[in-house]
Every structure is written in structure tokens, then in C-alpha cells.
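Notes for the structure review
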Amino acid sequence: MQGSEDIRSLSQRIRVSLMDDISTGNIAPGTVLDENNLAIQFSASRTPVREALKQLESSGLIEIRPRKGAIVLPLTLPKLMEMFEVTAEMEAMCVRLATHRITGDERALLCVIHDAAAIAVTNKDLDLYDESNLRFHEQLYSSAHNAFLFEELLRLRSRLMPFRRTQLRHEDRLEKSHSEHAEILRAIMRGDGDEAARVMREHMLNAAVTLARFMSAGSRSSEPTDL
């Protein structure tokens, strides 16, 4: 029998795999995700599969319908751009507040997270960088010391998480993302909240543009060619 820790770990692996396939278009909108088939695919029981599907539903990627299973939902690029636009403004506000409220220990922790991400960039390790990226942004949320804003940003992040991860696959985005984080850090260290907010807004909009390019490139590559 699998322990609770094993189930959580397996559920996480299933969620990330399906999240990547859905957000990159490898699993098309309208596809029905069958629990039994997924359990066989991932050599797992239905419990971690079911948990992974629940998490994907909370992210807005699928809808679990009674007697019909889990169906992959369509999410258009214009809708995604709107979501990134709102998130960019909220994260900009967050980092402006954090610049003036962050503690010395929190500054140090941000630097540690940023330095750890450099290893992922050097090794081109998407999974490790994605994890560090989430920690970096969440530490900024926490450093703003506004509980309501923290909860709202986590909710938005949950909706956009698959696509924030997907855009990191595009060309040299890992390096650029890490460089943009460094600019945000420098502004915070100078105590320049307006500059930190400007760079954060640009950072998030750059991610949106990169995602659009990645999705457009994928769409073109899937088109039939004349022989």
C-alpha cells in the first residue's frame, strides 16, 4: 500500500506531466481524461490520479463532469493575455509594497532563492528553475505583508501556473527571466518601489509575449504542409 507521502509525490508528478501536455497543446481541448487509462499510463492507483485531476480543475485546465469524466477546457490566447495583464498589475503593486515593508531576513532569503535559480539556468533545468521561480514570486507576495493581496496573488498564480511554466520553454527565456529577477532585486535593495514595480510589470508582460510566441510557433508547426 502506498503511503500518503508517496501518493502526494506521484500525484504531483501526474499533475505536472498533464499540465505540461495541456498547456503546450499536446493534449487538445475537448479531450476526455480517463482515470483508468491515466492510472495505467503512470503505473499508479486511481487515488493520485484523482487528486491530480482535482488540482488541474482548480487551475481551470479541465472540468470534471459527472458520468463524463475530466474534459480539457479551451483557453484562448486573448484570454490568457488578459489574465497576464491583470497579474502584471497586481504583482507590480505587490513588489512596490514589498520594497518598503520587506525585512532584512526576507531580503536575504530572496537573494538565496535567486542565487539557487542561477544553477538551474546554467544547467537549463526547467523543473528546478520553475520551482525557484515560484519561490521567488511567493516570497515577494509574503514580503508585501498584506494577507488579502497574498491570497489573491496565489489564486491568480494557480490559474496561470501551467502557462507561466510553459513560457520558460521558449529559447533563452530562462536566462532572461533570471536577469529580470536580478533587476527587481536591485530596485528593492535601493528602496526604489516605483522602479521595482515597473520592472516587475515588464517581467510579467515579457512572459506573456513569450508565451504567445511559443504557442504561435507550436500552432504553425502543427499545420499540415503541402507535399
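In this text, all values refer to a predicted model and were calculated from it rather than measured experimentally.

Observations regarding helix H4 (residues 77-101)
Taking 1.5 Å as the rise per residue, H4 with 25 residues should run 36 Å; its terminal C-alpha atoms sit 35 Å apart, in good agreement. Along H4, the residues that are buried comprise Leu-80, Met-83, Phe-84, Thr-87, Ala-88, Met-90, Glu-91, Ala-92, Cys-94, Val-95, Ala-98 and Thr-99.

Some remarks on the confidence of the model for the protein chain
Chain-level pLDDT for the protein chain is 90 on average; 93% of the residues reach the 70-or-more range. Overall, residues 221-227 carries pLDDT values under 50, and its contacts beyond four positions in sequence, including any with other chains, amount to 0 contacts.

Description of the sheet that holds strand S3 (residues 69-72)
Pairing is antiparallel in the open sheet, where 3 strands are placed in the order S1-S3-S2. The sheet is open, and its two edges are formed by strand S1 (32-33) and strand S2 (62-65), each paired on a single side. The pairing of S2 with S3 spans 4 bridges and is antiparallel. Across the sheet, Glu-63 pairs through a bridge with Ile-71, a residue of S3. Running over the sheet, helix H3 (residues 46-58) touches S1, S2 and S3 and is turned about 120° from S2.

Details of the pattern of salt bridges
On inspection of all chains with the given rule, the structure shows 17 salt bridges. One salt bridge connects Asp-20 with Arg-169, and the closest N-O pair in it is separated by 2.9 Å. Taken together, the residues Asp-20 in helix H1 (residues 4-23) and Arg-169 in the loop between helix H7 (147-166) and helix H8 (173-190) connect sequence positions 149 residues apart. Between Glu-152 and Arg-155 there is a salt bridge, and its shortest N-O distance comes to 2.8 Å. With Glu-152 and Arg-155 both in helix H7 and 3 residues apart, the pair spans about one turn of that helix. For Glu-152, a relative accessible area of 21% translates into the label partly exposed. Bridged by salt links that share partners, the residues Asp-20, Asp-127, Asp-130, Arg-165 and Arg-169 form one connected network.

Quick word on helix H5 (residues 104-123)
What sets the pattern is the α-helix's 3.6 residues per turn: residues three or four places apart point alike. The end-to-end C-alpha distance of H5 is 30 Å, a good match for the 28 Å that 20 residues give at a rise of 1.5 Å each. Turning to H5, its buried residues are Glu-106, Leu-110, Ile-113, His-114, Ala-117, Ala-120 and Val-121. The arc enclosing the buried residues of H5, seen along the axis, measures out at 105°, which places them on a common side. Pointing more than 90 degrees away from the buried face of H5 are the exposed residues Asp-105, Val-112, Asp-115, Thr-122 and Asn-123. Residues of H5 that are buried make contact with H4, helix H6 (126-143) and H8. Lys-124 sits one or two residues past H5 and shows a positive phi near 50°.

Some points on the state of the cysteines
Enumeration over the complete set of coordinates arrives at 0 disulfides. Considering cysteine sulfurs only, Cys-111 is the nearest to Cys-94, which forms no disulfide, with 16 Å between them.

Here we look at the packing of H5 against H8
The packing of two helices is summarised by the inter-axis angle and the distance between the axes. It is at 10 Å that the axes of H5 and H8 come closest, and there the two elements cross at 165°. Regarding the angle of H5 to H8, the classification is roughly antiparallel. Crossing of H5 over H8 shows left-handed handedness. Counted together, Arg-107, Leu-110, Cys-111, His-114, Ala-117, Ala-118, Ala-120 and Val-121 of H5 and Leu-174, Glu-175, His-178, His-181, Ala-182, Leu-185, Ile-188 and Met-189 of H8 form the full contact between these two elements. The residue makeup of the contact of H5 with H8, split by class, is 11 nonpolar, 3 polar and 2 charged.

Rules behind the numbers
Residues numbered from 1 in each chain as written. Predicted model: local features only at pLDDT ≥ 70, side-chain atom pairs only at ≥ 80, totals over all residues. Heavy atoms only, no water. Helix = DSSP H or I, 4+ residues; strand = E, 2+ residues; numbered from the N terminus. Expected span 1.5 Å × (residues − 1). Buried < 20%, exposed > 50% of the residue type's maximum accessible area, 1.4 Å probe, protein only. pLDDT = per-residue confidence, 0-100. Contact = heavy atoms within 4.5 Å. Pairing = 2+ DSSP bridges. Axes fitted to C-alpha atoms, helices over the stretch in contact; angles between N-to-C directions. Salt bridge = Lys/Arg side-chain N within 4 Å of Asp/Glu carboxyl O. Arc of directions from axis to C-beta. Disulfide = S-S within 2.5 Å. Parallel < 35°, antiparallel > 145°, perpendicular 65-115°, else oblique. Left-handed = near helix turned anticlockwise from the far one by under 90°. Nonpolar A, V, L, I, M, F, W, Y, C, P; charged D, E, K, R; others polar.

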